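Examining the three-dimensional arrangement
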Amino acid sequence: MIRIAIPNKGRLHDPTVKLFKEAGLPVLEGSSRKLFAKTTDPEMIFLFARAADIPEYVQDGAADVGITGLDLIDETDAEVEVMLDLHFGRAKLVLAVPEDSEIKTAEDLKNMRVATEFPNITEKYFKNIDIPVEVIKVSGACEMTPHVGIADAIVDISSSGTTLVTNHLRKITDVFSSSVYLISNAESSQREEKIQHIKTALESVLHAKQKRYLMMNVPSGKLETIKDILPGLGGPTVMKVESKNSTHAVHAVIDADQVFAIVSELKKAGASDILVVPIERMIP
Ligand SMILES: Nc1ncnc2c1ncn2[C@@H]1O[C@H](COP(=O)(O)OP(=O)(O)OP(=O)(O)O)[C@@H](O)[C@H]1O
Ligand SMILES: O=P(O)(O)OC[C@H]1O[C@H](OP(=O)(O)OP(=O)(O)O)[C@H](O)[C@@H]1O
Ligand SMILES: [Mg+2]
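Where an unreviewed UniProt entry is consulted, the protein chain appears under the name ATP phosphoribosyltransferase, with the organism given as Methanohalophilus halophilus. On record in UniProt, under Cofactor (unreviewed entry), the comment for the protein chain is "Mg(2+)".

Okay, structure coming up:
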C-alpha cells in the first residue's frame, strides 16, 4: 500500500485535492475531518496531516510520499527526496523591519533580535551571511513582534505583500522562495514503482496546463504554409476531410502562451474553424 500524505486543511488542502483529481487519482470520500481517504487505485491511500508535519511523516516512513511547502521541508531538515515542484502555493519568506526603522540591510541586524515561525531557515540565512543574531521563535502573529519590542526584525511569509503593508513593515530582502513539492521517502521511492507513477501523473497535469490542443480546417493548397507556422512538436496530425472542397483537418499541440500569435498567423494563412481546447493530461 502506498500512503500519500496531503495537507488536511489550510490553504494547501484544496489545490492539492484538485491536482490529484486532475491527475486521475481523486481523493474519494474525502473531507478535511477524516484521517484517511481512498482513491481509484486500491493500492494507494491518502493520509491527511498538517502541512508542517508532512516532511517528518515522509522521512519516518509513516507516509511514502507527501505534498507540502518547500519552506516547511527545509525548516524541518527532513531527509526526504524532493521529487517535483508542483508550482502552486508560491510564497516568500522575507526579512522585514518596521517602516520607520533605521535598519537598511540584513548586515545592520548584527546582534539584534529576529522573530520568526521559521527559526531554522532564519538561522541558516544569517549564518550564511555571517551575521550573528538572536532568533526568537513565535508560532503566529509574527508581524506584531517588532511593534511591541519583542524583536527588531521578522522573517515571515509574504505572498501578496498586503500583511507587511497593513502592519507598517518594510521588506529588506527575500530569504527563501517556496512552492509546493512532491516529496518521497528515499527508501520507498526506490522500492515502489508506483511512486514514479504518481510523479508522472502529477507531471502530466503540469505539462498539460502549459499546452493547448489546436484544431482547424485548411484548404489543401495552403497545407504547407500552415505546417510551417506550427511549431514542430512531433506533429501536426493532418487528416483529409470528406467535403466538396479539398480540405484538410490539422491538429497540433502548442504552448499556451503562443496561442495568440499563432492563431492570428493561421487565420491569415487561410485556416478556418479554428478550435483551441485545454488538455487534461499529457503523458510523454
Ligand atoms: N500567503 C501565504 N501565507 C501563508 N502560507 C502560504 C501563503 N502562500 C503559500 N503559503 C504556503 O502554505 C504553507 C503553509 O500552509 P499551512 O496549511 O501550514 O498554513 P495556513 O494555510 O496558513 O493554515 P493555518 O495557518 O490556518 O494553519 C507553507 O508552505 C507556505 O509557504
Ligand atoms: O503577503 P500576504 O498575502 O498578506 O500573506 C502573508 C500572510 O499570510 C499568512 O498568514 P495567515 O493568513 O496564514 O494567518 P496566520 O499567520 O494566522 O497563519 C502569513 O503568515 C502572513 O501573515
Ligand atoms: Mg497561516
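Okay, back to it.
1. Topic: the nonpolar core
In terms of nonpolar packing, the biggest core is built from 60 residues, with Ile 4, Phe 20, Leu 86, Leu 95, Phe 126, Ile 198 and Leu 202 touching the most fellow members. Sort the elements by how many residues they give to this core and helix α7 (residues 193-209) lands first, with six residues. Composition of this core by domain shows at least three residues from each of domain 1 (2-88 + 180-208) and domain 2 (91-178). Excluding residues that lie within four positions of it along the chain, Ile 198 makes contacts with Ile 2, Ile 4, Phe 20, Leu 25, Met 44 and Val 65. Of all hydrophobic cores here, the second largest spans 15 residues; its members include Leu 223, Ile 262, Leu 266 and Ala 271.

2. Points about the site of ligand 1
The immediate surroundings of ligand 1 are formed by 15 residues, with Arg 11, Arg 50, Gly 69, Asp 71 and Ser 159 found nearest. In this structure, Arg 50 approaches ligand 1 through a side-chain N or O atom, which is 2.7 Å from an oxygen atom. Contact between ligand 1 and Ser 159: a nitrogen atom at 2.9 Å from a side-chain N or O atom of the residue. Residue classes in the shell around ligand 1 are distributed as five nonpolar, five polar and five charged. Two domains each provide a minimum of three residues to the shell around ligand 1, namely domain 1 (2-88 + 180-208) and domain 2 (91-178).

3. As for the site of ligand 2
Taken together, Arg 11, Glu 143, Asp 156, Ile 157, Ser 158, Ser 159, Ser 160, Gly 161, Thr 162 and Thr 163 are the residues near ligand 2. In the model, an oxygen atom of ligand 2 is placed 2.3 Å from a nitrogen or oxygen of the Arg 11 side chain. Side-chain polar atom of Glu 143 to an oxygen atom of ligand 2: 2.5 Å apart, as the coordinates give it. Burial of ligand 2 by the protein amounts to 61% of the accessible area it has alone, namely 490 Å². At the level of secondary structure, the elements contributing two or more residues to the shell around ligand 2 comprise β9 (153-158) and α5 (162-166).

What counts as what
Residues numbered from 1 in each chain as written. Chains lettered and ligands numbered in written order. Predicted model: local features only at pLDDT ≥ 70, side-chain atom pairs only at ≥ 80, totals over all residues. Heavy atoms only, no water. UniProt positions renumbered as here; feature names shortened; annotations may be inferred. Core = buried A, V, L, I, M, F, W, Y, C linked by side-chain atoms within 4.5 Å. Buried < 20%, exposed > 50% of the residue type's maximum accessible area, 1.4 Å probe, protein only. Helix = DSSP H or I, 4+ residues; strand = E, 2+ residues; numbered from the N terminus. Domains from an automatic or database assignment. Contact = heavy atoms within 4.5 Å. Near = heavy atom within 4 Å. Polar contact = N/O pair within 3.5 Å; in protein donor to acceptor, adjacent residues only side chain to side chain. Nonpolar A, V, L, I, M, F, W, Y, C, P; charged D, E, K, R; others polar. Areas by Shrake-Rupley, 256 points an atom, 1.4 Å probe, with all protein chains shown as cover.

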